[in-house]
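Spelled out, the chains give:
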Amino acid sequence: MDIGKKQQLKVTRRVDFGLYLTDTDGNEVLLPKNQIHEDVSVDDTLSVFVYRDSHDRPIATLKEPRMTLGKIGRCKVVEVGRIGAFLDWGLEKDLLLPFKEMTTSLTQGMEIPVALYVDKSNRLCATMKLYRYLDTASGIAKGDNVTGTVYEISDDFGAFVAIDDKYQGLIPRREMVSTLHVLDVVKARVTAVKSDGKIDLSLKEPAHIQMDIDADRLIKLMRASGGRLDFNDKASPEVIGKATDMSKNEFKRAVGRLLKLRLIEIRKDSIILIKEP
């Protein structure tokens, strides 16, 4: 019997506590009495979801789970216990999300995207590690604006995003204009759809728009610091990034924009705001 999937099963016998359903290989599973409609009869075919009950026995249900095996759905955290979090996924028995499958700490009431998998003990569990369960691009093109949920953050690569809880997206570290956290919902711009269908994203506007945004940010920083920055475009990328949240190239483009407008003056070790825009 396929655990974690919806399937068409035949009603073969009725008992006091429910109906037994059978697949084409002769495997039986119980549909409990509280799940049965009055008009169901032996030899009828029912579409059911098969999972395991609290005693680890296969059980059928007519209810719709939030997701099926290998798919992604959103579930609410019921509680966080000793071995992991328990999720409401639409069925009588809550679904376990083991600690090792979490990508951030959770609290009761949070709604999170998870995928359904079978563990080594043949039990259904949830995982927040969505990469292998997400599809590649379908109908998404460079320049599109999309919405997604950050599900994992890598120091090496950046922020992994589930676009519409369906597609694989990555915000490379160079495109992260602010600190992101797992479960943040982001609106991003598609900068590339690779040959394998994976999607690169940016939180920044196109360069000509971003330059004006960055220039405005520099003016605000100078106003807040008495009309000056205590470094100039010769400073290290680390100094610039820490002070402005920009890359060195972005900083230099913004400075160039302000110079062209004759709003600033670059000195040996600083930049001075000489005129208000």
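Here's a quick rundown of the structure.

Cut-offs used in this document
- Residues numbered from 1 in each chain as written.
- Predicted model: local features only at pLDDT ≥ 70, side-chain atom pairs only at ≥ 80, totals over all residues.
- Heavy atoms only, no water.
- Helix = DSSP H or I, 4+ residues; strand = E, 2+ residues; numbered from the N terminus.
- Rg over C-alpha atoms; globule rule 2.2 N^0.38 Å.
- Buried < 20%, exposed > 50% of the residue type's maximum accessible area, 1.4 Å probe, protein only.
- Areas by Shrake-Rupley, 256 points an atom, 1.4 Å probe, with all protein chains shown as cover.
- Core = buried A, V, L, I, M, F, W, Y, C linked by side-chain atoms within 4.5 Å.
- Contact = heavy atoms within 4.5 Å.
- Pairing = 2+ DSSP bridges.
- Axes fitted to C-alpha atoms, helices over the stretch in contact; angles between N-to-C directions.
- Lys, Arg positive; Asp, Glu negative; His and termini not counted.
- Salt bridge = Lys/Arg side-chain N within 4 Å of Asp/Glu carboxyl O.
- Polar contact = N/O pair within 3.5 Å; in protein donor to acceptor, adjacent residues only side chain to side chain.

The next subject is the overall build of the chain. From N to C terminus, the chain includes three helices and 18 strands. In summary, the chain has a C-alpha radius of gyration of 27 Å against a globular reference of 19 Å for 277 residues, an excess of more than 25%. With respect to the principal axes defined by its C-alpha atoms, the chain has extents near 90 × 40 × 30 Å. For the chain, buried positions account for 43% of its 277 residues. In the structure as shown, the chain presents an accessible area of about 15,500 Å², 47% of it carried by carbon and sulfur atoms.

Glancing now at the nonpolar core. Ranked by size, the top nonpolar core spans 36 residues in total, and within it Leu21, Leu87, Trp89, Leu97, Leu106, Ile112 and Met128 carry the most contacts. Among the elements that make up this core, the one with the highest residue count is strand S4 (residues 45–52) (five residues). Once residues lying within four places of it in the same chain are set aside, the contact partners of Leu21 are Met1, Leu9, Lys10, Val11, Thr12, Asn27, Glu28, Val29, Leu31, Leu46, Val48 and Ala60. Counting 17 residues, the second-largest nonpolar core is a separate cluster that includes Leu218, Phe231, Ile240 and Ile271.

A separate point is the sheet that holds strand S15 (residues 199–202). Strand order in this closed barrel of five strands is S11-S12-S13-S15-S14, and the pairing throughout is mixed. Within the sheet, the average angular offset between the axes of one strand and its neighbour, ignoring direction, is 50°. In this sheet, S15 lies alongside strand S13 (residues 167–172) in parallel orientation, the contact comprising two bridges. Of the residues in S15, the one forming a bridge with Gly169 is Ile199.

It is worth spelling out the side chain of Asp23 at this point. Relative to the elements of secondary structure, Asp23 occurs in the loop between strand S2 (18–22) and strand S3 (28–32). Although Asp23 is buried, it forms no salt bridge, and the closest oppositely charged side chain is Lys5 at an N-O distance of 11 Å. Looking at Asp23, its side chain comes within polar contact range of the main-chain nitrogen of Asp25, at 3.0 Å. A distance of 2.8 Å separates the side chain of Asp23 from the backbone nitrogen of Asn27, its partner in a polar contact.

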